[in-house]
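Below are the chains, spelled out letter by letter.
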Amino acid sequence: MTQAPGITLKGQASIEGRQLFAPLTLSLDAGRWTCLLGGSGVGKTTVLRLMADLPTGADFDGEILATDKTPVAERIAYMAQDDLLLPWATVEKNIALGARLRGQKMDAVRVERLLDRCGLHAHRGKKPSELSGGQRQRVALARTLMEDKPIILLDEPFSALDEKTRAAMQDLAADLLTNRTVLVVTHDPGEAARLGHAIYVMTAAGLTSVAPPASSVPRPVDAPDTITCRSDLLRLLMETTT
Amino acid sequence: MKLWPPIAATVFALCVWQAVVTLTGVQKFILPSPTLVAETWWLNRWLIAEHTLITLNEILIGLVIGISLGVVTALTLASSKTARTLLAPMLVFTQALPVFALAPILTLWLGYGIWSKAAMAVLITYFPVTSAFFDGLMRTPSGYLDLAKTMQASPRRVLWYIRVPAALPNLGAGVRLAAVYAPIGAVIGEWVGSSKGLGYLMLLANGRAKTDLMFAAMLTLGVLSVLLYVLMAKLTRRLGDRET
């Protein structure tokens, strides 16, 4: 993996002339986790998709720059709420999908290591339909890591999971994605409080920066400062979305 | 699936049929009784078998060529926007023509042999296969395509590793439809001009007021179509979970 750059998105977006989000500046610090928190429809997923150069249906007026001045879109790995596992392929083949789609040779050693680190060894030959929701999301995480990109874009990655599995996935992801520039789009204040080195709350009016707890990521679910931060974020969300 | 309900329903239908014939005393060249049809079928089993083989041959040739052409067309349309712009309207237009009207021309071009009938089966199976498979190829879940894009996949590889496998259940549905249509195509071809096949036998028997033989040939065709459908359903069920 190359050195993770910082990224700045600056601009505004509209859909058919109707403003989706007002002019804003979102900076992701190099090698850090940035959490973008917001309610439905504020355009937080659009921000992420713009960085990934994926279709958004919105007109974006602005620019996306990396601190090292090289293009962003080809250096990202993307993971969504839907695990997007191919139902006809095994766990192992799903993890190695990127190489297959680029016509490259699969890095078997790396696959082994990721199967290990994500606790998927016993499931390598299974189809996604034979796995639980948490296991599927671990496969998706392994696939994301397989890409070995410096920038990781996570779009509500754990929101379909139950609370216990979600907390475990957050720990695993925080462990595996250290030193990468990570953007997590989420509607879960608790997730932002646990994972963000920087936290932004996104509303129609723009971005509000919220200071995260001083402790290191991933923060314990039951630490007082995590809980306070979660409550502050929730209150902010409730104030701004009504 | 439980077998006895459809069997019971069939037996019941046959009983009603037999009862209608017995009670009304209708002439046997208008409506033969099922027992007469069964008897005629048995007496003519070698004749029927001979003609069935001819028709089956036409159907299978038609299916293989029709499905192959359909798959190639769908892949071409799905991978090229130019092909879609140029070919899609033409494809729809040809479907607006009644295929049956082409049967005499096919006989003129390809003669009285099996090829004009196989061609008819090709024409009638080609479109459902093309349309179903193409539809599947164009409806790949957008999340997969997003993922592939972030992985810098080439369009050809996205087609082969994602869009085609995701569309295989649709192809399966098209192939099952084709299995039902192909016998219709072959028989229409035979009606227009032939000296062999179940369609020919039906026309011949009908012309000579051998309605019992006509029924026997028709029911044989029906059973053949059902068997073909079941076979295709079994073959295509595996398409859904193909390993790439």
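Residues numbered from 1 in each chain as written. Chains lettered and ligands numbered in written order. Predicted model: local features only at pLDDT ≥ 70, side-chain atom pairs only at ≥ 80, totals over all residues. Heavy atoms only, no water.

1. Some details on the environment of M169 of chain A
Residue and element names in this part refer to chain A. As for its placement among the helices and strands, M169 is situated in helix α6 (residues 163-176). For M169, a relative accessible area of 2% puts it in the buried group. Along the backbone, M169 and D68 are 101 residues apart, and their C-alpha atoms lie at a distance of 31 Å. Excluding residues that lie within four positions of it along the chain, M169 makes contacts with G134, Q137, R138, L141, F158 and L161. (Helix = DSSP H or I, 4+ residues; strand = E, 2+ residues; numbered from the N terminus. Buried < 20%, exposed > 50% of the residue type's maximum accessible area, 1.4 Å probe, protein only. Contact = heavy atoms within 4.5 Å.)

2. Describing the packing of helix α3 (residues 45-79) of chain B against helix α8 (residues 155-192) of chain B
Relative placement of two packed helices is described by the angle separating their axes and the distance separating the axes. Residues and elements named next belong to chain B. Relative orientation of the contacting elements α3 and α8 amounts to 145°, with a least axis distance of 8 Å. You can see that α3 and α8 cross each other, and the crossing is right-handed. Counting all contacts with α3, which are made through T55, E58, I59, L63, I67, V71, L75, A78 and S79, the residues of α8 involved are L159, R163, V164, L171, V175, A178, A179, A182, P183, A186 and E190. In terms of residue class, the contact of α3 with α8 is made up of 15 nonpolar, two polar and three charged. (Axes fitted to C-alpha atoms, helices over the stretch in contact; angles between N-to-C directions. Left-handed = near helix turned anticlockwise from the far one by under 90°. Nonpolar A, V, L, I, M, F, W, Y, C, P; charged D, E, K, R; others polar.)

3. Notes on the interface of chain B and chain A
On the chain A side, the residues contacting the 21 residues of chain B number 27 residues. Carbon and sulfur atoms supply 60% of the area that chain B and chain A bury against each other, a total of about 2100 Å² over both sides. On inspection of chain B and its partner chain A, the count reaches two salt bridges. With its nearest N and O atoms 3.4 Å apart, the salt bridge here joins K149 of chain B to D53 of chain A. On the surface where chain B and chain A come into contact, there are six residue pairs in polar contact (both at pLDDT 80 or more). Of all the elements in the fold, those that place two or more residues in the side of chain B that touches chain A are α7 (142-150) and α8 of chain B. For the side of chain B that touches chain A, a count of residues per class yields 10 nonpolar, five polar and six charged. (Buried area = accessible area lost by both parts, 1.4 Å probe. Salt bridge = Lys/Arg side-chain N within 4 Å of Asp/Glu carboxyl O. Polar contact = N/O pair within 3.5 Å; in protein donor to acceptor, adjacent residues only side chain to side chain.)

4. A word on the confidence of the model for chain A
Looking at chain A as a whole, its pLDDT mean stands at 90, while 99% of the residues score no less than 70. Across chain A, helix α2 (residues 91-95) of chain A holds the top mean pLDDT of 95, while helix α8 (residues 224-241) of chain A sits lowest at 86. (pLDDT = per-residue confidence, 0-100.)

5. As for the sheet that holds strand β7 (residues 181-186) of chain A
Residues and elements named next belong to chain A. Spatially, six strands are ordered β5-β6-β7-β3-β8-β9 in an open sheet, and the strand pairing comes out mixed. Because the sheet does not close on itself, it has two edges, and the strands there are β5 (76-80) and β9 (206-210). Put simply, the sheet's adjacent strands are angled 20° from each other on average, direction ignored. Pairing geometry for β5 and strand β6 (residues 151-155), over five bridges, is parallel. Among the inter-strand pairings, M79 is bridged to a residue of β6, identified as L154. Relative to the sheet, helix α5 (residues 133-146) contacts β5 and β6, its axis offset from that of β5 by approximately 170°. (Pairing = 2+ DSSP bridges.)

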